[in-house]
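Structural overview for review
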Amino acid sequence: MDTFVFSLLNGVIYGLLLFMVSAGLTLIFGMMGVLNFAHASFYMLGAYCAFALQPVLGFWWALAAAPLLVAAVGVVVERYLLRRVHQHGHAHELLLTFGLSFIVTELVKLVFGNYPVNYRLPAALDFPAFSLGAMNYPAYRLFMGGLAIGMFIAIHLLLTRTRVGIVVRSAIHRPRMAEALGHNVPLVFMGVFGFGAGLAGLAGAVAGAFYTTNPNMALELGVTIFVVVVVGGLGSLQGAMLASLLIGVLTSFAVGIDATLADLAGLLGGRDWAEGVGGLLTLKLSSLAATLPFALMLLVLTLRPAGLMGDKP
């Protein structure tokens, strides 16, 4: 029972972390139509900015400053790079952001080295929140989860209950009308892109202190957040949250299961046959945990191409 509770908590917290990263990508695509391949690089920049600022500002101020710096980088990218190729279509945007992700990774390696850095938890949160049996659950994990939930609520209220959200949605769906009413649509797009990049930076600043901060962290998470966005539905914030939690819990439980298809066949008396065939039938589910999100994506796209909560075409 203890193992089940810990696996469930770990899955939920990991899913909430995925949402923190994918929320910015969801906003950028849903509002601008830009599928940003460099989004995970903003996540990595957030972790490294917080690490660099921590000795000077302390953990909490570094946690606040890092997303602002990453948001500023996002603004520069949109204003001087993406805006120049936006008129040429999605292919140019994809190629630009794909190349930008490699540039950011190499710059990080040049500045910080090609190895993990010593980005540590703050002493105020470096303690177990509770214990079950012989296992302690870190308080910092709960802090990450609470921050992600707060982010979801804040973004939802911002988009649906404020004048800023009305202006942003009108600039997306009726850009000419928004311009006629005196709103600067390119400025709105630039702000949305910078805001989305800042959200990824916040996720990196928070997660980098608990997980390993290294030059490969963007690559490790980059593909997964695209799976989240596709499964949830392109542009759907609620879909991104649902997909993140599904993938987080699915992965967490799969890691702890050593059963194989041969074990399942054994219930029907076919264990010897399954073990004789070998291959996929004898692979442990735990070894396939990293591929399960992609299997989920294929299943969802087959049954519902628009994603779990995406708009039907």
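Please read all numbers here as calculations on a predicted model, not as lab measurements.

Section: the pattern of salt bridges
In this structure the tally under the stated criterion is two salt bridges. Among the ionic pairs, Glu78 bridges to Arg83, the shortest N-O distance being 3.1 Å. For Glu106, the salt bridge goes to Lys109, with nearest N and O atoms at 3.8 Å. Here the residue Glu106 and the residue Lys109 both occupy positions in helix H4 (residues 90-112), the gap between them amounting to three residues, near one helical turn. Residue Glu106 is classed as partly exposed on the basis of its relative accessible area, which comes to 43%.

Quick look at the packing of aromatic side chains
Taken as a whole and assessed by the stated rule, the structure comprises 18 aromatic pairs. Where Phe6 meets Tyr137, the ring centres are 5.4 Å apart and the plane angle is 65 degrees; that geometry is what we call edge-to-face. With Phe6 in helix H1 (residues 2-32) and Tyr137 in strand E2 (residues 135-138), the pair connects residues that are 131 residues apart, well separated along the chain. Each member of the pair, Phe6 as well as Tyr137, is classed as buried. Between Phe19 and Phe152, the aromatic rings sit 5.5 Å apart at their centres with planes inclined by 70 degrees, giving edge-to-face as the arrangement. Of this pair, Phe19 sits in helix H1 while Phe152 sits in helix H5 (residues 139-161), placing them 133 residues apart in sequence. Of the two residues, Phe19 and Phe152, neither departs from the other in class, the shared state being buried. Grouping aromatic residues by their ring pairs yields a cluster made of Phe59, Trp60, Tyr119, Tyr140, Phe143, Phe210 and Tyr211. When the ring centre of Tyr80 is taken as origin, the NZ or CZ atom of Arg79, which lies over that ring, is 5.0 Å away.

Conventions adopted
- Chains are numbered independently. Their residues run from 1 in the order of the written sequence.
- In keeping with the predicted nature of the model, local features appear solely for residues at pLDDT of at least 70, side-chain atom pairs appear and are counted solely at 80 or more, and the whole-chain, interface and lining totals rest on all residues.
- Each side-chain value is worked out from all heavy atoms of the structure, with water and hydrogens disregarded.
- By definition here, a salt bridge exists when the distance from a side-chain nitrogen of Lys or Arg to a carboxyl oxygen of Asp or Glu is within 4 Å.
- Each helix is a run of H or I in the DSSP string that is no shorter than four residues. Each strand is a run of E no shorter than two, and both are numbered from the N terminus.
- Burial status follows relative accessibility: with a 1.4 Å probe on protein chains alone, a residue under 20% of its type maximum counts as buried, one over 50% as exposed, and anything between as partly exposed.
- Note on aromatic pairs: the rings of Phe, Tyr and Trp (six-membered ring only in Trp) are paired at centre separations within 6.5 Å, and the planes decide the class, stacked below 30 degrees, edge-to-face beyond 60, tilted for the rest.
- Each ring is checked for a lysine NZ or an arginine CZ that lies within 6 Å of its centre and within 35 degrees of its normal; such an atom marks a charge sitting over the ring.

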